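Summary of structural features
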Amino acid sequence: MAYRKAPLKIVTQNCRGLNVPERRTHLLRELRKKHVSIALLQETHFKEGTQSRLRNRHYPSNYFCNHPMSHKTGVAILLAADIGFEELDRMQDSLGRYLFLKGVIANKIYTIASIYVPNKRQAPFLRNALQQLEEFSDGILIAGGDFNTPLDPILDSSTGHSCMSQRTIKSIRQSMEDLRLVDCWRALHPS
């Protein structure tokens, strides 16, 4: 199918579990209603082999990465039928924390990444994941996820501060900047 020549609309969402049929139905309905082209999902909580339940005619190309023994993590990338995605390569974390997908949309190469950073030791995990992403990526990079990291504690936390050192936060920001990734929350809420 040929790409529909409209801007790509991208959404990233922490789902907090999609094993309940009503949650899957609601998610797919909302994505369709908002004309989402690419959905980057975190915390899908799927058990291995059950993710096929998150598929319909509007989002037939779905990619999943799950923890093999637990259903506490999990990430996914859902692609709308009308973007005409052709997969070239993929890379995933063995613990269901990131999924990188490389492919072609409208004759351009894209790398799409969905990342779910653990609640502890975020900086080393994110540094490693972003290094893997940098080595894997090609073309236009689209990355989203739940980084569990307050990049701007005043905006990103209820207390206005973080238990992470400013040095660690600065290091994470630098890693993101090196890949030319933008904190969209910060872009929408400049200080």
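Before reading further, recall that the structure is shown in the block above.
Here goes a summary of the coordinates provided. Because the structure is predicted, anything quoted here is derived from the model rather than measured. (Residues numbered from 1 in each chain as written. Predicted model: local features only at pLDDT ≥ 70, side-chain atom pairs only at ≥ 80, totals over all residues. Heavy atoms only, no water.)

**What to know about unusual backbone geometry**
Put simply, the test is: Secondary structure elements are taken from DSSP: a helix is a run of H or I of four residues or more, a strand is a run of E of two residues or more, and numbering for both begins at the N terminus.
The residue Arg-16 is not glycine, and still its phi comes out positive at about 55 degrees. Here Arg-16 lies in the loop between strand 1 (10-14) and helix 1 (21-33).

**Things to note about the environment of Val-117**
Tracing the backbone shows Val-117 in the loop between strand 7 (108-116) and helix 2 (122-136). Through-space distance from the C-alpha of Val-117 to that of Thr-149 is 8.3 Å; in sequence the pair is 32 residues apart.

**As for the layout of surface pockets**
How we decide: Any residue with an atom within 4 Å of a point lines the site, the site being either a cavity, points on a 1 Å grid over the protein atoms alone where a 1.4 Å probe fits but cannot get out, or a pocket, an open set with protein on both sides within 12 Å along at least 5 of 7 lines. Grid points are joined across faces, edges and corners, and a volume is the space filled by probe spheres set on the points. Gly falls in the polar group here, along with every residue not listed as nonpolar (Ala, Val, Leu, Ile, Met, Phe, Trp, Tyr, Cys, Pro) or charged (Asp, Glu, Lys, Arg).
By volume, the second largest pocket is sized at about 180 Å³. Contributing to the lining of the second largest pocket are Val-11, Gln-13, Cys-15, Leu-18, Arg-23, His-26, Leu-27, Glu-30, Leu-31 and Lys-34. Elements that contribute at least two residues to the lining of the second largest pocket include exactly strand 1 and helix 1. The biggest single contributor to the lining of the second largest pocket is helix 1, with five residues. When the residues that make up the lining of the second largest pocket are grouped by side-chain class, the tally is five nonpolar, two polar and three charged.

**Digging into the packing of helix 2 against helix 4 (residues 166-178)**
Put simply, the test is: To get an axis, a line is fitted to the C-alpha atoms, and for a helix only the part in contact is used. The angle between two axes follows their N-to-C directions and goes from 0 to 180 degrees. Convention used here: angles under 35 degrees read as roughly parallel, angles over 145 as roughly antiparallel, angles from 65 to 115 as roughly perpendicular, and any remaining angle as oblique. Helix crossings fall into two classes, left-handed where the near helix is turned counterclockwise from the far one by less than a right angle and right-handed where it is turned clockwise. The contact rule is simple, with two residues in contact once any of their heavy atoms fall within 4.5 Å.
With their axes 10 Å apart at the nearest point, helix 2 and helix 4 run at an angle of 15 degrees to one another. For the element pair helix 2 / helix 4, the angle class is roughly parallel. Here helix 2 runs over helix 4; the crossing is left-handed. Contacts between helix 2 and helix 4 involve Ala-123, Leu-126, Arg-127 and Leu-130 on the former and, on the latter, Thr-168, Ser-171, Ile-172, Ser-175 and Met-176. Class assignment for the residues of the contact of helix 2 with helix 4 results in five nonpolar, three polar and one charged.

**Describing the packing of aromatic side chains**
As a reminder, the rule being used: Centres within 6.5 Å make a pair out of two Phe, Tyr or Trp rings, where for Trp the six-membered ring is used; the pair is then stacked when the planes are under 30 degrees apart, edge-to-face when over 60, and tilted otherwise. Relative accessibility under 20% of the residue-type maximum defines a buried residue, over 50% an exposed one, and the middle range a partly exposed one, all with a 1.4 Å probe and only protein chains included. Sitting over a ring, as applied to charges here, requires NZ of Lys or CZ of Arg to be within 6 Å of the ring centre and within 35 degrees of the ring normal.
Counting across every chain of the model gives five aromatic pairs. A centroid spacing of 6.2 Å and a plane angle of 70 degrees characterise the contact between Tyr-63 and Phe-85, whose relative ring orientation is edge-to-face. Of this pair, Tyr-63 sits in strand 3 (residues 61-65) while Phe-85 sits in the loop between strand 4 (75-79) and strand 5 (86-92), and the two are 22 residues apart along the sequence. For Tyr-63, a relative accessible area of 10% corresponds to the buried category. Here the aromatic rings of Phe-100 and Phe-136 are separated by 6.1 Å at their centres, their planes lie at 35 degrees, and the arrangement is tilted. With a gap of 36 residues between them, Phe-100 in strand 6 (residues 98-105) and Phe-136 in helix 2 connect regions that are remote in the sequence. Here Phe-100 matches Phe-136 in class, with each residue buried. Among the aromatic side chains, those forming a connected cluster through ring pairs are Tyr-98, Phe-100, Phe-125 and Phe-136. One Lys or Arg, Lys-102, reaches over the ring of Phe-136 and ends 4.5 Å from the middle of that ring.

**What to know about the nonpolar core**
Put simply, the rule reads: We call a set of buried Ala, Val, Leu, Ile, Met, Phe, Trp, Tyr and Cys residues a nonpolar core when their side-chain atoms join them within 4.5 Å.
Grouped together as the largest cluster of nonpolar side chains are 31 residues, with contacts concentrated most on Ile-38, Leu-41, Leu-54, Leu-78, Leu-79 and Ile-112. Those elements that provide at least two residues to this core are helix 1, strand 2 (38-42), strand 3, strand 4, strand 6 and strand 7. Top contributing element to this core by residue count: strand 4, with five residues. Filtering out sequence-adjacent residues up to four positions away, Leu-79 remains in contact with Ser-37, Ile-38, His-58, Tyr-59, Pro-60, Ser-61, Asn-62, Tyr-63, Phe-85, Leu-101 and Ile-112. In terms of nonpolar packing, the next biggest core, distinct from the first, is built from 20 residues, Phe-100, Leu-130, Leu-151 and Ile-169 among them.

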